[in-house]
Structure formats: structure tokens, C-alpha cells
Amino acid sequence: MTSDSSCRAVETIATVSDLSVSFDTAHGRVHALRGVTLDLRPGEVLALVGESGSGKSVLSSCLLGLPPESRRTTISGSVLVSGIDMLSGSASQRRAVRRRLLGAVFQDPLTSLDPTMRIGTQLTERGVSTARARRNLSQAGVPEPKQRTRQWPHELSGGLRQRVMLAMALGADGKLPGPGVDAVFDDEGSPVLIVADEPTTALDVSVQAQVLLLFDRLRREHGCALLLVTHDLGVAASIADRIAVLYAGRLCETGPARDVLADPRHPYTAGLLHARLELDEDAVALPIAGAPPDPLRLPEGCAFSPRCEHATSACRDSLPELRNGDTGRQFACVNPLGPEAGSVTVGAVAASSAGAKLATDAQPVLTIEEVAKSFRAPGARRDRLHALDGVNLSVPEGGSLAIVGESGCGKTTLLRIACGLLEPDRGSVHWADGLRPQLIFQDAGSSLTPWLTIGTQVAERLRHEGSRRARREAAVELLERVGLDRRAARSLPRQLSGGQRQRAAIARALASSPRLLVCDEPVSALDASLSLRILEMLAEIRDELKVAILMVTHDLAAARHVAEEVLVMYLGRVVEAAPASQLFRDPLHPYTRGLRAASPTREPGRLAPTLQGEPPSAVGETVGCSFAGRCPDVEPGCRERTQVLEPIGVDTRRQVACQVVVQKAVV
Amino acid sequence: MRRIVITRILSMFGVLMLLTLAIFLIQNVLPADPVRAYFGRNATPEQLEAKRQELGYDKSLPVQYVDFLGRLAQLDLGTSLRTRRPVTTDLADFIPATFELAVASVVIAGALGVMLGLLGTRRGVGTGAVRLVSVMWSSAPTFFVGLLGILLLYRRLGWLPPGGRTSNTLEATSTGFLFFGRLMRFELAGVWDAGRHLLMPATVLALGPSVAIGRTLRGSLRDILRDDQVRTARVKGLTERAVLVRHGLRNALGPTLSMAGLQIGLLLAGVIVVEVVFSWPGLGQYLDQSIDRADFPAILGVVMVLGASYVVINTIVDLLQLAADPRLRSQR
Amino acid sequence: MTDTRRGGPATGEAAPRGPAPARAGRLSTIGWPERVALAAFAAVTVALVLCPWLVGAGELEIVDDPFEGVLGDQLLGTDDQGRDVWARTVFGMRASWFSAVLVIAIGAVIGGTIGLVAGFAGGWVDTVCMRLTDAVLALPGPLVALAVVAATGPGLRNTLLAVAATWWPWYARIVRGQVFALSRRPHVEAARMGGIGRVRTAVLHVLPGTLGPVIVAASLDVGAVILVLSGLSFLGLGSPAPAAELGAMTARGLTYLFNAPWIALAPGTALFALGVVANFAGDATRDLLED
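Residues numbered from 1 in each chain as written. Chains lettered and ligands numbered in written order. Predicted model: local features only at pLDDT ≥ 70, side-chain atom pairs only at ≥ 80, totals over all residues. Heavy atoms only, no water.

Let's talk about the overall build of chain B
Here comes step 1: Helix and strand counts for chain B come out as 14 helices and zero strands.
Here comes step 2: Seen in sequence order, chain B has helices and strands lined up from the N terminus as α-α-α-α-α-α-α-α-α-α-α-α-α-α.
Here comes step 3: The C-alpha extent of chain B, read off along each of the three principal axes, is 80 × 55 × 40 Å.
Here comes step 4: Within chain B, the fraction of its 332 residues that count as buried is 50%.
Here comes step 5: In chain B, the proportion of contacts linking residues at least 24 apart, taken out of those at least 6 apart, comes to 72%.
Here comes step 6: Within the structure as shown, chain B displays about 15500 Å² of accessible surface, and the carbon and sulfur contribution to it stands at 65%.
Here comes step 7: Seen as two clouds, the 35 positive and the 23 negative side-chain charges of chain B have centres 13 Å apart. (Helix = DSSP H or I, 4+ residues; strand = E, 2+ residues; numbered from the N terminus. Buried < 20%, exposed > 50% of the residue type's maximum accessible area, 1.4 Å probe, protein only. Contact = heavy atoms within 4.5 Å. Areas by Shrake-Rupley, 256 points an atom, 1.4 Å probe, with all protein chains shown as cover. Lys, Arg positive; Asp, Glu negative; His and termini not counted. Charge placed at Lys NZ, Arg CZ, Asp CG, Glu CD.)

Encoded structure:
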């Protein structure tokens, strides 16, 4: 390495210059990246933000020197890491860069480790010593590293596997062999750059916060840079120093995280910020109009112009180049927003406003009393997995209730019992007038019959409508009610987009004229703007058709947006119940407080997890509070007595299952 | 882990019992007159009556089955109508030849299969050609490939002998392990001779299975090489060869083994035809001659031996899969 | 709901075009080689139906002296008895082709029925059906078929039944697996919640989903069944002697391999050709119906 290039390496460790990537498909050419230029500086966290299809994953793959493999891929531009071109450099040079300088963490912890190789072997494959591997494991927050190295990937939880990936990334030593630099692997070194592609998307909220903070701590300790690829501005806001926003394969805006989040210049960035559901009381969300462009038919000019309310003919005619703004900011927009446009309360129609009126005296459409359900635990002969234990709830007519909890808390079991898809072991389920609730599934695609048209599927539930023709017409009416047009009635599910499928599923559910819609994570598979629209539609259905909503979600903000009341579940029990506004303003149970703190917001650097560890297994009998193991306020008595829901204060809807909180309230 | 192994071995014995039951039913229930079937077309009424009593056809079926198992336990499969010798003795004579052919064929099938599988993963022009050749190979009946081989490699080029196990006329009727025996004794000329005789039938027999093995290997490798775990391996800076061997092949081993087990089973059926084409004095030729003479005890004897080998081989393959995939080991 | 001020399209979400959803079942999703393979399959089927009108001689007719060479008065010469090899080969192809199709049809019907019963009934019926299926699958199919034919006596009907008897478990497994998987898919639960009757759910929401995999498996099997049947015929376990069967013809021709190679080569090549067409068409069907 010459002194000249090493001098450059101080200011940037990776440089992406005018990178374009396109694929030839049977339907035409797809441009994944269109002239992206980006720098990465030592030790910084750069968040690359974009919706699905924006090209962010392609960019991160190129940075690793592993561009998408296909004969039909065309790549131009360059990606330099420590002066070595990761696209056209020799294979051995690129391999050396990866081995010595880079680390990577991918989205799905289930598939990113080799299932046939012990953890320890996978860690030492790079060339690090066993001692170093163990040290990296414990730095990545993996307990008992020595035992872990002998385990197989499938024996670890998702959160632990992501930590193992991180430990693996820490194995790089940051020394590229060359003139004057020793080729021997340095057991003390640190990686120069870690590329993390949606590293927390598959994780629970509390584990996500832990992993994000771990990233933050490790890059401070090791001084390595981090490229954090994410679809969630909240995740980006939590630890990023700089943010780069990608849309349709082009950068629209880069700059210091604080500035970009506080006053975005590009309308798309502003739109993303507005579309994000926030826990904050006054924050109102507004979806971006229109849809992301068809990758096969990108517009001539700015790809965002068809959705942009500030667009002029200049935007539509030519591609805007990145321009320099103040304080190290850049944006690609002809008519950038001024500083005041960033504030998020502009002209908002809030669905959450419907949450104000509470119908306490209304008849419940669903009553669940003391319901319990257990399953045979996988891999155990006698122990049972207690999915639900003594759960009560009721949904008032035209009301809305959200159940919040992490994976394994029993919320899905509860939903299935509420819909009569599963019989409880104990307790009762009562539907008003015996009318069965309708379930909206998380994956709308699999909830629609693949070989029947949407129209047929809606119409076959309208038997009371009389003639075939009348049923057809009524089906089209319902589809129009949820924002689909007549053509959708003749489409097969696979011909619709994800959001359209979810709408079709909702129309189909409404065809049975239910009093209650039960929604299982209805938007977790959708991009922010789309999910906001679906949630707004649900709120509208509730208000106009007087259909009550019971929604399960892991996302506190989504719950706040739709529900009047919220139940928080932990390991098969309700730990807190409250009106939505109170719960998020003033969470009482330590678990709710932890979840609240762990939820990312668009405010930079405001992530403070109080929840340690991961939920324990629900297999076998437990005595005392099941949260005691992770609770920051735990008292000796907690482990002896099973905690039951007790009302707090005058409003009997406010209940909490924690003796510590109840005692404090009495005092 | 131990429990799975024990369960698997117990179930193997279950399937073996099932095989005996199937053969018992084929022998005693399917034919209109099992004893006539036993003798074939030309038997005298006295013979039939005597045999009927001897074989206990006057008893009930379950009792007959127990008797059948009893005889089986004493390795009594009846007497061949053609050779007039106990079927067990005949089988013992022919098993070594078939064993040598099958083992050689399995080795060739494995090698060819891995080659085909790896060739197919290379990007570029070769993939289409490999696929084309694969389908062609697996479409050809073994006897057709066999006779093409004889016409070309023997008749036209004279490189390989047309059939039999050896050129040594003294040993032409040998019933032992010719190839392996000579190999053990380091008789190089003899090994060369036996090997030349073994090569063509074994390769012909291996073609079909090698294509199936190659196809499975190629398919699973292609899927695995797209996985994140392979990206993880590449990020660690492993060479492409290390990625392929340590991660790709290691993960493709399970499905490929399972396919190999199935194919070895089919190979045991194919061996019959190949032995006929190449005059290989093994179980297949014995079976073919027995079919011509409707020698029922002999036919069932051969089916029993080959069928039992199939069951045992598949069990071994299942156990090998446990070794290949740690996830299977922790299941119950 | 949708903010129309901004003038977006009606639903705000464009229907996916391009690479995202593969449209299974459309000819446009497969390439030219695959289309040619499917066309060849159809052409072979039609030609073999019409074959009595396409070849000059009957399969048993003695037309000339024995061992007449290729490209003489007869296209592929005559066999050891003076019969037209070309005519016999074509008739043999017809027997192989339709036997294979018939075996698969029988296997698919028996296996499909067992699979449907098991999948829909569940409980002990399912357990019994599937244990039986597994048991038959654990046995070496071609060998058991061989023993059955040997016991029941050679003949086309017995051979076909014996092979079908060892072939059905694959279909039972596929159908039962599909019914099982589809019945647990959310769309069937949605039908249940929508108050749609059991029969309608089974016929409209589950059954169509099993067809694709069965058709794919069946079309991939044609080549394999042709090979198994020809192997049995080669060993003398097909139709008895004078009938034109490719396996038996090849076996007979082996005796004259060096003097009159066409007697063995013609039927062998014909089998190979049928296998190639069937296998390529099978692959094409899979490409067409899967993904």
C-alpha cells in the first residue's frame, strides 16, 4: 500500500462510485442500482434506508464483493474497500479483503449459519484462534462461550444466532497483507467494516434493541464502521451517525442522521418519516401517495416524481443529480423541502383520533373467560408447553382491542381460540348472537385460495344474496369498499400485490357480515406506507360498519394506531391491560416499560433497552411471576406468588399483574 | 441419538418381515394353484399331490406362514426345479459374481454422479449440455446401452470383452470373488483381466443411478449455494473451493445420500438385465434362466436375496444421513 | 382512506408485473426446448394411435425371407422369422407407450384415492393408509413386480397390474401430503370461518391443489415406467411370444447381434427414443406447472 492510498484510507474506508447494477429477466431489464456514489468513513455507522426493491441489498452485496450471481447481470462503476476494487479486483485480493477487513450479518438468522458445522468451527474458519473465537462470542453477548462453540446452530435461539454472526464478523483483523504489512493473522485486530443487512428484522422488539445497542457498543470498542441496511427509519435513527436513503436504485438523500431525520430535504425522505407509525402521542402518520415504481418501467426523470406533490415538469424530464447542501448533506431533488417541512404534524388525518371515543357500556361481541391452552412440547415426552393460562378479555361492539407481545407469548393461540379454530383446554369463548368472528391472516397470500378468483372467493360467502349475478355484484361492491376495483374480482391472488391481497382478504372477511374482525399481525409483511394504509382502512371499517377489531401485533405503534384498549401478554398471561392512550403514556408493568423503551422511534439515539435476555421457554410448570428472570424491579416475593391482574386506580380497565407496581400504587 | 438408531434398525427388521410376508403371499396366494406354479407347466398329478402335502397346503394360511418362516430361518428356500439343487446352494454360488458387479457399479455410479453434479453447477455453456446428456442417459434401457457397448467396444474397437467374468476358461465357471480375490492376492495380470470384464457391465449398470445422483447433487448444491450460509462462508474469505467442499458439498450430502440409497435399490433390479446381456454368471442370469423354465422357488429365492439387500442398504443410508445432518440427530 | 389529493392510482398499489410472480401453467413461462418437448409428446401419442394405418405390414405378418437387411424391401429389414422389423417396432412402441400411460393412470387413481381418503379422513384411517403406503415403498418395487408376474404367469395384463401395484404408493404419498398441507393452509381455515361447507371446501379449495403435483409426478414417471416394463419384457415377463414387444424383441435379437444387429438395435433405439421424449416432456411439464 502506498503512502498516498493509506492517506486516503484515513478519511474513507470504502468508496462506492457511480455503481449501476441491472439484471436481464424474461420480462425485461431490471435496474437495481442506477449510479450510486457513497463514502464510508472509519468508525461511523451509516444507515442505508429503503423500501423493498430499492436496491439496498444489492448495494450491500457489492460492498462485500459478492454481487448477485447471474449471467444476465450487468455491473458498472466501482466499489473500493481499502483501495481494492471489490467488483473487478482479482478474486484473491477480494477474498483477502473479506477475510481480513470485513464482517457481515444477514437478515435471517436461521439460514445464515451452516447447519452441519459446529459454532466453534464456523468461527475459526476465518483463521482466528479458538481463544479469539471465544472472546468474540462473549463480546457479542453470547453467554457461556466455551459451551456454545461445541453446539450446532439449530440449538440456539434466533437472537443468539445473530450474536454468533456478529462474533464471526468480529473475527476479521483489519490488516490487509501487502508491502510492509505482515501476512500473519493478527489475533488482536478488529474488522474495518461490518455490513449488516436487515440484521434485526427477524427478531423480537426487545432482542432487536439489544442487538442494535450491541452493534453500537462494539463499533465504539473496536472502532469499526458499520453499514446498517434497513427498511425502518426507526432502526436507522437508533444508532446511525449518517443516513443514506435509497429509492428505485438511486440515492435521494444523505447526511448526518440528526439533520436528515429532523428536517428532510427530499420529499421521499419526508414521506417515509411521515408514514412511520410512532408511539408518540402527537405524532400522526400519513402514507405516501401512490406505489413504488415498476422496476421494469422506471420513469424518465426522478423516479419519485409520480408520487411527489412538489413535482414539476423539470422533475419528470431529467434525472436529478445529488447536490451538496449544508453541513455535509446531499440530496437529489430539484425542489427540495425547506427546513419547516420536516415537522411531522402537517395536514394529517389521524386514524388514531377514532380511538378517543370509548364505548364502555356497549355489549361485548366477544367474551373470553379464564381460557387456558397447552400443547405437547416438541422434543419432550411429558412436559407441556403452556401457550395460554387464565386469559380474560372482551371486545365491545364496534370497539377495538390490541394484543401486544413478542413471539411465543401465546397471542396467536389466543386469536385462534377467539375464532373457534382451536378449542381451549379450560375456560369459555362467547360470541354475541353466536356470530363467528372473521380472521385476517398475517400472510394474506396464503389465506386466499390460489386457483380461485378473488370475486369467486368473496361471492361464495354471500349465499343469502340470491342469484349468482346479485352475488357477483355484491362481491364487487365489497371489493370497491376496500379500495379494489372491478378488475380485481377477476384476478387470481398471485396477480395482486401484497397490499392488494390483504385488502381482498379483508373484503372476503366482510362478506360474512361479521361483528368482529380478528387480525393476526395484518401488516407485518408490508412496507411502512402500505401498512399504514391498511391500518387506516381497518379503523375506517370499524367506525363506518361498526365492526369491532381484535388485533394481535408485536408493534406497539401499530397497536396505538388502531386500538382503544391494549392487552400486553407475556408467556401465555396478560401482564397489563389499559386504554391505549394511558398504556403508552404511562406503562406500568416492567415488561411493558421495557417494550416501550425498546421500540425504535424516529428520534435519533433514543434507544434504551431495559429488557435483558430473551423470553424463557413456556415448557413445564412455572411458579411465581414468569417475567421475574428478566425483570429489573424483581423482589424476592415475585418468584413465590403467581401474579394476577389487579385494577390500579379508579378506572377498572387499567389492570396490571405485578405486585411491585400494585404495592407502589397503594403507597 | 441412540434411540433413533435403535428405532431405525428395528424398523428394518419390520420391513424384512414384510418382505417375507409379501413373498409368502406371492408364492401361496396369488397363483391359482400354487403347487402347479411351484412345478411349472409340466408336472404329473402324483408330483403335485405329494408336494401339496409336503408343503402343507392343507393347513391354514397363518400356520403356513409360520412354517415358511421356520424353513427360512434354516435357510431352506426349497429346491430348484431346473438344477435339482437346494435354492440356497445355487444362490450361494451366484451371489459373489453379482456382489462384485454391484459394488463396482455403485463405485462408478457414485464417481460419475458426483462428476455430473459438479459439472452442472458451473455457470456457462456446460450446464445445458450436462442436462441434455443426463436426460439421454437416464432414458436409455440398460440392455440397449449394453448391446451398443458390445457392438462398439468389442465388435468394432476390440477394447473390452463382450461378456463373462474372465478370459481364463478354467475359471469361467468360478463361483468365488474373482476380482476381489485376485486383488487380495496381488495377481496383477488377473486383476487386469477381471477388471476389463467388469468394466463394461458395471458402467452400463451405473449410468441410470449416476444421472439420478448427479441431478440430486446438482439441485441441492444449486439451492445451497444461493443460501445465506454460503454468503457467510464467502465473507469469511474462504476460497471458492473451500466454500464448495466445506459448506456446499457437506450440506448437499444428505439429500444425495438418500437418492443414492434409492438408486442402489433400483440398481439391484437392473443388475438382472445387465447380467443377461453380458453373460455374467450371477443371480440375474440364474433368475433369467429360472423364468424361462418357470422355476418358481429359484425366482423367489433371488427376489428374496436382492430385496433383503435393498432393505438393508436403505437402512444403512438412513443411518449415514444421521451422521451427515446434525439436525436429524436431535429429533425424536 | 386513500389520499386522493395526491392523485395516485385507485388502490395506490400497482399490481406486480415482471419478475416477481411466475405465472405457472402458462406456456409463456417456459422456453422453446420445453415447448418442443411437449409438442413431441403429443405428436408421438397421436402417431402411435394412428400407427396401424401408417405402417404397411402387420406385427405378425411374415413379409419376406428371414434376416433381410436394412433399407431393402423393408425399411428396417426382417427378423429371424421374416417379419417386418419396422412394423413390429412401431407396434411395440405403441404397446410400450400406452402400457406406461395405463400403469401410471392406474397407479395415480389407486394412489390418489388412498391419498385423498387418508388426507381428508385423518385419524386412524390416515395412519393405516400411510403405514401401508410406507410399507409398500420400503420394498423394492421392480423386484416385487417381477415376483408377482412370475407367480401370476406372464401376460400383458398381469405385468401392468403388477407394476401398478408397486407404483401407486408414490401417488398416495404426494396426494396425501398435498391434502395435509393444503388443509392446514390459512385459506382452508378462512373457508371454514366463512361458513363454507366441508364438501365444497374439499372439492373447491383443496382438491385442485393436488392436481398439479400429481400431473407433474405422472409425467416425470412415464419414462421410468417404460424402462421398468421393457426390463420385465426383456426377461420374458411381458406379453407371451409372438406379440411385438420392444424388450422381448431386443432379448431375442441378442442371439443375432453380430450377424443381424438391426433385429436388436431397432427396438432398443425405439425404447430409447420413447424414453427421451417422455423424460424431456416430463421435465417440461414440471417447469410449466411448478414455481
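Looking at the pairing of strand β21 (residues 573–579) of chain A
Residue and element names in this part refer to chain A.
Here comes step 1: Here β21 lies mainly inside the structure; six of its seven residues are buried.
Here comes step 2: Strand direction decides the pairing type here: strand β20 (residues 565–570) and β21, joined by six bridges, are antiparallel. Residue pairing in the sheet places Val 568 in a bridge with Glu 576 of β21.
Here comes step 3: Judged from the two bridges that link them, β21 and strand β23 (residues 655–656) form a sheet pairing that is antiparallel. Each residue of the ladder has a partner; that of Glu 576, found in β23, is Val 656. (Pairing = 2+ DSSP bridges.)

With respect to the interface of chain B and chain A
Here comes step 1: Listed as interface residues are 24 residues of chain B and, on the opposing side, 31 residues of chain A.
Here comes step 2: Here chain B meets chain A over a buried area of about 2600 Å², counting both sides, of which 54% is carbon and sulfur.
Here comes step 3: The largest contributions to the chain B side of the interface with chain A come from Arg 231, Val 235 and Lys 236 of chain B, which together make up 27% of the buried area.
Here comes step 4: At the boundary of chain B and chain A, one finds two salt bridges.
Here comes step 5: When the shortest N-O distance is used, the salt bridge between Glu 125 of chain A and Arg 246 of chain B registers 2.6 Å.
Here comes step 6: In this assembly, chain B and chain A are joined by nine residue pairs in polar contact (both at pLDDT 80 or more).
Here comes step 7: For the side of chain B that touches chain A, the elements supplying multiple residues, two or more each, are α10 (228–235), α11 (240–277) and α14 (326–329) of chain B.
Here comes step 8: The leading source of residues in the side of chain B that touches chain A is α10 of chain B, at six residues.
Here comes step 9: In terms of residue class, the side of chain B that touches chain A is built from four nonpolar, eight polar and twelve charged. (Buried area = accessible area lost by both parts, 1.4 Å probe. Salt bridge = Lys/Arg side-chain N within 4 Å of Asp/Glu carboxyl O. Polar contact = N/O pair within 3.5 Å; in protein donor to acceptor, adjacent residues only side chain to side chain. Nonpolar A, V, L, I, M, F, W, Y, C, P; charged D, E, K, R; others polar.)

The quantities given are spatial measurements derived from coordinates; they are silent on function.
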